[in-house]
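Okay, here's what each chain looks like letter by letter:
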Amino acid sequence: IEQKILKNLKKEKFIADYSINIGVANSLSVTIKDFFGNKSEFKKIFSRPFLLIQPDFIQISPRPGKISIFFDRLSVKNLNLSHENPKIIRILKFFAEKNYLTDLKAADASNISFTYATRTIKKLLTIEGKILEIFVFHKLKESGYFDDVVSNFEVYWNDSEVKNEIDCIAIKNFKVLIIECKARNIEQDFQHKLSVISEKFGINYTPVLIADIPKVNEIQLDRGKIMENIVIWRKEEIDSIDVTLRKIISGNYSN
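Residues numbered from 1 in each chain as written. Predicted model: local features only at pLDDT ≥ 70, side-chain atom pairs only at ≥ 80, totals over all residues. Heavy atoms only, no water.

**What about the nonpolar core?**
If you look at the biggest cluster of nonpolar residues, it comprises 22 residues, and the most contacted ones within it are Leu 140, Phe 146, Leu 177, Ile 179, Ile 210, Ile 232 and Leu 245. Apart from the residues lying within four places of it in its own chain, the contact partners of Leu 245 are Val 136, Leu 140, Phe 146, Leu 177, Ile 179 and Val 208. By size, the runner-up hydrophobic cluster in this structure holds 16 residues, among which are Phe 190, Leu 194, Leu 221 and Trp 233. (Core = buried A, V, L, I, M, F, W, Y, C linked by side-chain atoms within 4.5 Å. Buried < 20%, exposed > 50% of the residue type's maximum accessible area, 1.4 Å probe, protein only. Contact = heavy atoms within 4.5 Å.)

As structure tokens, this is what we get:
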């Protein structure tokens, strides 16, 4: 992770050069040649080595003339959710009772503090559609019907660093379901992305968009049919998603 940070800093000309030396007991020293007056900023980045040895804690966002480095913390303080659904405190208390959150302080929705129990739980609760994705994956695995089921499958374009992630792939008898999971209103970009990725990387495939929403836009249903994407949004079909997808892959599904 140190190499990645330093390479980006040098690429964007925030530093002139750097060197890394590995010492005894895997200790590490970094020498930075800084001619641009950023010493205080570098101290902030490298003063917490316990974060640097865990790459998943850090995100680097390089843009022309700017490097953004985010340290992924588990604690949330002084959060104002008064504009959200009034049930939000009840939901947070539910997660605290299940030990997904610790140290919850939520006297009212305008000043909330808590800590995610683990980094995995933070991803689960903050990435849109992640819970739906995990639900679908486990329902398909537990069904025992499919030959193979994978989630978070990454595909790269033409040996470049450009990649896309497919939420879930299910295979049965050389037929493939390429599945995207969304927990929000369907947008045109969702349909287009699913169609393009399926066509580029799929073989004998059927694209499926699963949307956990109370009601679907009829235009998006029509767009899905035009792009040959199957859109699943009805609660009863999602609750029994293993049965629904089994019908799709066997050619017995009709919406």
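Still more to cover.
**Topic: the sheet that holds strand 8 (residues 148-156)**
Overall, mixed pairing links the 5 strands, which are arranged 8-9-10-11-12 in an open sheet. At either end of the open sheet lies a strand with only one pairing partner, and these are strand 8 and strand 12 (230-232). Geometrically, the sheet is characterised by an average inter-axis angle of 30 degrees between neighbouring strands, direction not taken into account. Pairing geometry for strand 10 (residues 175-182) and strand 11 (residues 205-211), over 7 bridges, is parallel. Along strand 11, the bridge assignment pairs Val 176 with Tyr 205. Packed on one face of the sheet, helix 7 (residues 188-201) meets strand 8, strand 9 (163-172), strand 10, strand 11 and strand 12 and runs near 155 degrees to strand 11. (Pairing = 2+ DSSP bridges. Helix = DSSP H or I, 4+ residues; strand = E, 2+ residues; numbered from the N terminus. Axes fitted to C-alpha atoms, helices over the stretch in contact; angles between N-to-C directions.)

**Considering helix 7**
Given a rise of 1.5 Å per residue, 14 residues ought to cover 20 Å, and the 20 Å separating the end C-alpha atoms of helix 7 matches this to within 8%. Among all positions of helix 7, only Phe 190, Gln 191, Leu 194, Ser 195, Ile 197 and Ser 198 are buried. Packing partners of the buried residues in helix 7 comprise strand 9, strand 10, strand 11, helix 8 (218-226) and strand 12. (Expected span 1.5 Å × (residues − 1).)

**Observations concerning the packing of helix 5 (residues 119-126) against helix 6 (residues 130-143)**
Their axes nearest at 6 Å, the elements helix 5 and helix 6 cross at an angle of 105 degrees. Classified by the angle between their axes, helix 5 and helix 6 sit roughly perpendicular to one another. Residue-level contacts link Lys 123, Leu 124 and Leu 125 of helix 5 to Lys 130, Ile 131 and Ile 134 of helix 6. Each residue belonging to the contact of helix 5 with helix 6 can be placed in one class, and the counts come to 4 nonpolar, no polar and 2 charged. (Parallel < 35°, antiparallel > 145°, perpendicular 65-115°, else oblique. Nonpolar A, V, L, I, M, F, W, Y, C, P; charged D, E, K, R; others polar.)

**Notes on the packing of aromatic side chains**
For the structure shown, the criterion picks out 4 aromatic pairs. These aromatic residues form a ring-pair network of at least three members: Phe 94, Phe 95 and Tyr 100. Positioned above the aromatic ring of Tyr 145 is the side chain of Lys 172, whose terminal nitrogen or guanidinium carbon lies 4.6 Å from the ring centre. Sitting over the face of the ring of Phe 190, Lys 182 holds its NZ or CZ atom 4.5 Å from the ring centroid. (Phe/Tyr/Trp six-rings, centres within 6.5 Å; stacked < 30°, edge-to-face > 60°. Lys NZ or Arg CZ within 6 Å of the ring centre and 35° of its normal.)

**Things to note about the pattern of salt bridges**
Counted by the stated rule, this structure contains 6 salt bridges. Lys 182 is the partner of Glu 180 in a salt bridge, and the nearest nitrogen-oxygen pair spans 3.9 Å. Overall, the relative accessible area of 4% leaves Glu 180 in the buried class. Shared partners join several salt bridges into a network, and the residues in it are Glu 180, Lys 182 and Lys 193. (Salt bridge = Lys/Arg side-chain N within 4 Å of Asp/Glu carboxyl O.)

**Observations regarding the side chain of Asp 167**
The residue Asp 167 is located in strand 9 in this model. Although Asp 167 is buried, it forms no salt bridge, and the closest oppositely charged side chain is Lys 182 at an N-O distance of 5.3 Å. With sequence-adjacent residues up to four places away left out, Asp 167 is seen in contact with Glu 133, Val 150, Ser 151, Asn 152, Ile 179, Glu 180 and Cys 181. (Lys, Arg positive; Asp, Glu negative; His and termini not counted.)

**Considering the pairing of strand 6 (residues 101-105)**
With 3 bridges connecting them, strand 6 and strand 7 (residues 112-116) associate as antiparallel partners. In the sheet register, Lys 105 faces strand 7, and the bridge partner there is Ser 113.

**Here we look at the sheet that holds strand 6**
If you walk across this open sheet you meet the 3 strands as 5-7-6, and the pairing is antiparallel. Bordering the open sheet on either side are strand 5 (75-79) and strand 6, each of which pairs with just one other strand. Direction aside, neighbouring strands of the sheet carry axes that sit 10 degrees apart on average. Taken together, the 3 bridges between strand 5 and strand 7 define a ladder with antiparallel strand orientation.

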